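Okay, here's what each chain looks like letter by letter:
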Amino acid sequence: MSSTTVEAGLPRGGRGPLEICVFCGAGRCNSPSIVAAARATGSLIGRRGHRLLYGGGGSGLMGEVAWAAAEHGASIRGVIPHFLYERERAIAAPAQELHLTDTLLKRKEHMLRSADVFLALPGGFGTLDEILEVISATYLGVHAKPMIIVNPDGVWDGFIALVETLAGLDLITSPTPVFHTADSPEEAMALAERLTLPVA
Ligand SMILES: C/C(=C\CNc1ncnc2c1ncn2[C@@H]1O[C@H](COP(=O)(O)O)[C@@H](O)[C@H]1O)CO
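Reference entry: report on the structure contained in this document.

The rules behind these values
Residues numbered from 1 in each chain as written. Predicted model: local features only at pLDDT ≥ 70, side-chain atom pairs only at ≥ 80, totals over all residues. Helix = DSSP H or I, 4+ residues; strand = E, 2+ residues; numbered from the N terminus. Expected span 1.5 Å × (residues − 1). Buried ≥ 20, exposed ≤ 12 C-beta atoms within 10 Å, placed from the backbone. Near = placed C-beta within 6 Å. Nonpolar A, V, L, I, M, F, W, Y, C, P; charged D, E, K, R; others polar. Pairing = 2+ DSSP bridges. Axes fitted to C-alpha atoms, helices over the stretch in contact; angles between N-to-C directions. Contact = placed C-beta atoms within 7 Å.

## Describing helix 5 (residues 157-168)
Piece 1. For helix 5, which comprises twelve residues, the first-to-last C-alpha distance of 16 Å matches the rise-based estimate of 16 Å (1.5 Å per residue) to within 8%.
Piece 2. Helix 5 sits mainly on the outside: zero of its twelve residues count as buried.
Piece 3. Looking one or two places after helix 5, you find Asp170, whose phi comes out positive at around 65°.

Below you can see the structure in the form of C-alpha coordinates.
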(Lines give C-alpha, C1' and ligand atoms only; values in the text may rest on other atoms or scores of the structure.)
Protein backbone atom coordinates (compact mmCIF):
# COMPACT_ATOMS: atom_id res chain seq x y z
CA MET A 1 0.00 0.00 0.00
CA SER A 2 1.16 3.56 -0.63
CA SER A 3 2.18 5.76 2.28
CA THR A 4 0.01 8.79 1.50
CA THR A 5 -0.73 10.54 4.82
CA VAL A 6 -4.21 11.90 5.46
CA GLU A 7 -4.56 13.80 8.73
CA ALA A 8 -7.68 14.20 10.83
CA GLY A 9 -10.13 17.01 10.03
CA LEU A 10 -11.28 18.55 6.81
CA PRO A 11 -8.80 20.18 4.43
CA ARG A 12 -8.47 23.96 4.54
CA GLY A 13 -10.10 25.51 1.51
CA GLY A 14 -11.99 22.27 0.87
CA ARG A 15 -15.68 22.03 0.18
CA GLY A 16 -16.79 20.69 3.56
CA PRO A 17 -18.13 17.25 4.35
CA LEU A 18 -18.56 14.98 1.35
CA GLU A 19 -21.23 12.36 0.81
CA ILE A 20 -18.90 9.47 -0.05
CA CYS A 21 -20.58 6.47 -1.63
CA VAL A 22 -18.67 3.23 -1.10
CA PHE A 23 -19.29 0.18 -3.26
CA CYS A 24 -17.87 -3.16 -2.10
CA GLY A 25 -18.70 -6.80 -1.59
CA ALA A 26 -21.58 -7.89 0.59
CA GLY A 27 -19.79 -11.20 1.10
CA ARG A 28 -17.04 -12.07 3.56
CA CYS A 29 -13.60 -11.66 2.03
CA ASN A 30 -10.87 -14.15 2.96
CA SER A 31 -8.02 -11.64 2.52
CA PRO A 32 -7.01 -9.87 5.78
CA SER A 33 -5.39 -7.02 3.84
CA ILE A 34 -8.59 -6.34 1.87
CA VAL A 35 -10.66 -6.43 5.06
CA ALA A 36 -8.13 -3.98 6.54
CA ALA A 37 -8.53 -1.72 3.48
CA ALA A 38 -12.32 -1.77 3.94
CA ARG A 39 -11.96 -0.84 7.61
CA ALA A 40 -9.39 1.87 6.78
CA THR A 41 -11.81 3.37 4.24
CA GLY A 42 -14.63 3.56 6.79
CA SER A 43 -12.32 4.91 9.45
CA LEU A 44 -10.97 7.66 7.13
CA ILE A 45 -14.49 8.75 6.20
CA GLY A 46 -15.23 9.29 9.90
CA ARG A 47 -11.87 10.85 10.78
CA ARG A 48 -12.05 13.27 7.87
CA GLY A 49 -15.55 14.39 8.87
CA HIS A 50 -17.31 12.99 5.79
CA ARG A 51 -20.56 11.01 5.50
CA LEU A 52 -20.84 7.42 4.36
CA LEU A 53 -23.43 6.46 1.77
CA TYR A 54 -23.48 2.71 1.10
CA GLY A 55 -25.59 -0.37 0.49
CA GLY A 56 -27.00 -0.49 4.01
CA GLY A 57 -25.91 -4.02 4.88
CA GLY A 58 -24.12 -5.32 7.95
CA SER A 59 -22.49 -8.27 6.19
CA GLY A 60 -19.12 -8.74 4.51
CA LEU A 61 -16.87 -5.90 3.42
CA MET A 62 -19.88 -3.57 3.47
CA GLY A 63 -20.34 -4.22 7.18
CA GLU A 64 -16.61 -3.67 7.81
CA VAL A 65 -16.71 -0.24 6.10
CA ALA A 66 -19.86 0.78 7.94
CA TRP A 67 -18.73 -0.32 11.41
CA ALA A 68 -15.32 1.37 11.03
CA ALA A 69 -17.02 4.57 9.81
CA ALA A 70 -19.41 4.48 12.79
CA GLU A 71 -16.56 3.86 15.24
CA HIS A 72 -14.90 7.02 13.91
CA GLY A 73 -17.97 9.21 14.16
CA ALA A 74 -19.25 9.25 10.57
CA SER A 75 -22.90 9.76 9.90
CA ILE A 76 -24.15 6.96 7.70
CA ARG A 77 -26.89 6.60 5.14
CA GLY A 78 -27.71 3.11 3.90
CA VAL A 79 -29.83 2.39 0.85
CA ILE A 80 -31.10 -1.16 0.50
CA PRO A 81 -33.87 -2.88 -1.43
CA HIS A 82 -36.53 -4.54 0.77
CA PHE A 83 -35.66 -7.97 -0.54
CA LEU A 84 -32.01 -7.69 0.58
CA TYR A 85 -32.71 -6.40 4.08
CA GLU A 86 -32.34 -9.80 5.73
CA ARG A 87 -29.91 -11.39 3.29
CA GLU A 88 -27.37 -8.56 3.66
CA ARG A 89 -27.95 -8.26 7.41
CA ALA A 90 -29.10 -4.62 7.57
CA ILE A 91 -30.17 -5.44 11.12
CA ALA A 92 -26.49 -6.01 12.01
CA ALA A 93 -25.34 -2.67 10.54
CA PRO A 94 -24.46 0.29 12.78
CA ALA A 95 -27.02 3.02 13.49
CA GLN A 96 -27.85 4.66 10.21
CA GLU A 97 -30.43 6.58 8.26
CA LEU A 98 -31.82 3.68 6.24
CA HIS A 99 -33.66 4.10 2.95
CA LEU A 100 -35.58 1.10 1.68
CA THR A 101 -36.11 0.87 -2.06
CA ASP A 102 -38.22 -1.43 -4.22
CA THR A 103 -35.43 -2.46 -6.58
CA LEU A 104 -31.66 -2.54 -7.06
CA LEU A 105 -32.09 0.00 -9.82
CA LYS A 106 -33.78 2.47 -7.46
CA ARG A 107 -30.96 1.93 -4.95
CA LYS A 108 -28.38 2.84 -7.61
CA GLU A 109 -30.41 5.87 -8.72
CA HIS A 110 -30.53 7.09 -5.12
CA MET A 111 -26.76 6.66 -4.78
CA LEU A 112 -25.99 8.33 -8.09
CA ARG A 113 -28.17 11.29 -7.17
CA SER A 114 -26.93 11.74 -3.59
CA ALA A 115 -23.20 11.04 -3.71
CA ASP A 116 -20.47 13.61 -4.28
CA VAL A 117 -17.86 10.96 -5.06
CA PHE A 118 -17.73 7.17 -5.39
CA LEU A 119 -15.12 4.78 -4.00
CA ALA A 120 -15.07 1.13 -5.05
CA LEU A 121 -13.33 -1.52 -2.98
CA PRO A 122 -13.11 -5.15 -4.06
CA GLY A 123 -16.42 -6.95 -4.47
CA GLY A 124 -18.34 -9.33 -6.68
CA PHE A 125 -20.86 -8.97 -9.50
CA GLY A 126 -22.90 -6.36 -7.62
CA THR A 127 -19.84 -4.15 -7.12
CA LEU A 128 -18.87 -4.56 -10.77
CA ASP A 129 -22.39 -3.57 -11.81
CA GLU A 130 -22.26 -0.47 -9.59
CA ILE A 131 -18.84 0.60 -10.89
CA LEU A 132 -19.98 0.23 -14.49
CA GLU A 133 -23.20 2.14 -13.80
CA VAL A 134 -21.20 5.14 -12.56
CA ILE A 135 -18.46 5.10 -15.18
CA SER A 136 -20.77 4.47 -18.13
CA ALA A 137 -22.93 7.42 -16.98
CA THR A 138 -19.76 9.55 -16.82
CA TYR A 139 -18.75 8.30 -20.28
CA LEU A 140 -22.13 9.38 -21.68
CA GLY A 141 -21.92 12.78 -19.96
CA VAL A 142 -24.90 12.12 -17.67
CA HIS A 143 -22.89 13.26 -14.65
CA ALA A 144 -19.33 14.15 -13.72
CA LYS A 145 -18.94 12.67 -10.26
CA PRO A 146 -15.53 11.08 -9.65
CA MET A 147 -15.25 7.30 -9.40
CA ILE A 148 -12.15 6.10 -7.58
CA ILE A 149 -11.27 2.43 -7.70
CA VAL A 150 -9.35 1.45 -4.58
CA ASN A 151 -6.96 -1.26 -5.66
CA PRO A 152 -5.46 -3.04 -2.63
CA ASP A 153 -3.14 -5.90 -3.61
CA GLY A 154 -3.79 -5.06 -7.30
CA VAL A 155 -7.21 -6.75 -7.15
CA TRP A 156 -8.59 -4.54 -9.91
CA ASP A 157 -5.54 -4.84 -12.21
CA GLY A 158 -7.40 -7.24 -14.54
CA PHE A 159 -10.36 -4.85 -14.84
CA ILE A 160 -8.06 -1.89 -15.53
CA ALA A 161 -6.17 -3.92 -18.15
CA LEU A 162 -9.46 -4.89 -19.85
CA VAL A 163 -10.51 -1.23 -20.09
CA GLU A 164 -7.08 -0.37 -21.55
CA THR A 165 -7.44 -3.18 -24.11
CA LEU A 166 -10.89 -1.90 -25.15
CA ALA A 167 -9.57 1.66 -25.36
CA GLY A 168 -6.69 0.38 -27.53
CA LEU A 169 -9.32 -0.97 -29.94
CA ASP A 170 -11.04 2.46 -30.00
CA LEU A 171 -14.13 0.87 -28.40
CA ILE A 172 -13.76 3.19 -25.43
CA THR A 173 -12.89 6.71 -26.55
CA SER A 174 -12.94 9.24 -23.76
CA PRO A 175 -10.78 12.36 -23.78
CA THR A 176 -10.86 12.46 -19.96
CA PRO A 177 -10.55 9.60 -17.50
CA VAL A 178 -13.89 8.03 -16.56
CA PHE A 179 -12.38 6.59 -13.39
CA HIS A 180 -9.35 7.01 -11.18
CA THR A 181 -7.37 4.42 -9.28
CA ALA A 182 -5.71 4.52 -5.87
CA ASP A 183 -3.44 1.92 -4.31
CA SER A 184 -4.69 2.56 -0.79
CA PRO A 185 -7.65 4.08 1.09
CA GLU A 186 -5.41 6.99 2.14
CA GLU A 187 -4.55 7.76 -1.47
CA ALA A 188 -8.22 7.38 -2.45
CA MET A 189 -9.34 9.83 0.25
CA ALA A 190 -6.76 12.45 -0.76
CA LEU A 191 -7.91 12.05 -4.37
CA ALA A 192 -11.61 12.26 -3.43
CA GLU A 193 -11.04 15.52 -1.58
CA ARG A 194 -8.95 16.98 -4.41
CA LEU A 195 -11.31 15.97 -7.21
CA THR A 196 -14.33 17.49 -5.47
CA LEU A 197 -12.73 20.88 -4.79
CA PRO A 198 -14.77 23.71 -6.28
CA VAL A 199 -13.32 24.93 -9.58
CA ALA A 200 -11.56 28.28 -8.99
C1 LIG B 1 -30.66 -7.00 -11.35
C2 LIG B 1 -30.17 -5.65 -11.73
C3 LIG B 1 -28.86 -5.38 -11.97
C4 LIG B 1 -27.73 -6.32 -11.89
N5 LIG B 1 -27.18 -6.65 -10.61
C6 LIG B 1 -26.93 -5.84 -9.59
N7 LIG B 1 -27.10 -4.50 -9.65
C8 LIG B 1 -26.88 -3.72 -8.56
N9 LIG B 1 -26.47 -4.18 -7.36
C10 LIG B 1 -26.30 -5.50 -7.29
C11 LIG B 1 -26.49 -6.39 -8.37
N12 LIG B 1 -26.21 -7.64 -7.98
C13 LIG B 1 -25.88 -7.55 -6.69
N14 LIG B 1 -25.94 -6.27 -6.25
C15 LIG B 1 -25.69 -5.73 -4.94
O16 LIG B 1 -24.44 -5.05 -4.93
C17 LIG B 1 -23.84 -5.13 -3.64
C18 LIG B 1 -22.47 -5.73 -3.76
O19 LIG B 1 -22.60 -7.05 -4.27
P20 LIG B 1 -21.35 -8.04 -4.48
O21 LIG B 1 -21.84 -9.03 -5.50
O22 LIG B 1 -21.08 -8.67 -3.16
O23 LIG B 1 -20.25 -7.18 -4.99
C24 LIG B 1 -24.77 -6.04 -2.80
O25 LIG B 1 -25.62 -5.19 -2.04
C26 LIG B 1 -25.55 -6.79 -3.85
O27 LIG B 1 -26.80 -7.21 -3.42
C28 LIG B 1 -31.22 -4.60 -11.93
O29 LIG B 1 -30.72 -3.30 -11.86
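The structure having been displayed, the exposition proceeds.
## Side note on the site of the ligand
Piece 1. Around the ligand there are 17 residues in total, and Gly25, Gly123, Gly124, Gly126 and Thr127 lie nearest to it.
Piece 2. When residues of the shell around the ligand are traced back to their parent elements, those giving at least two are helix 3 (104-114) and helix 4 (125-139).
Piece 3. Counting residues per element, the shell around the ligand draws most heavily on helix 4, which supplies five residues.
Piece 4. For the shell around the ligand, the class distribution of residues is five nonpolar, eight polar and four charged.

## Details of the sheet that holds strand 5 (residues 117-120)
Piece 1. Taken in spatial order, the seven strands of this open sheet run 4-3-2-1-5-6-7, and their pairing is parallel. Single-partner strands in this sheet number two, and they are strand 4 (97-101) and strand 7 (180-182). Averaged over all pairs of adjacent strands, the angle between their axes in this sheet comes to 25°, without regard to strand direction.
Piece 2. Each of strand 1 (19-23), strand 5 and strand 6 (147-150) touches helix 4; the most contacted strand, strand 6, lies at about 145° to it.

## Examining helix 1 (residues 32-47)
Piece 1. When the terminal C-alpha atoms of helix 1 are compared, their 22 Å separation across 16 residues agrees well with the 22 Å that a helix rising 1.5 Å per residue should span.
Piece 2. Backbone geometry just after helix 1 places Gly49 at a positive phi near 80°.

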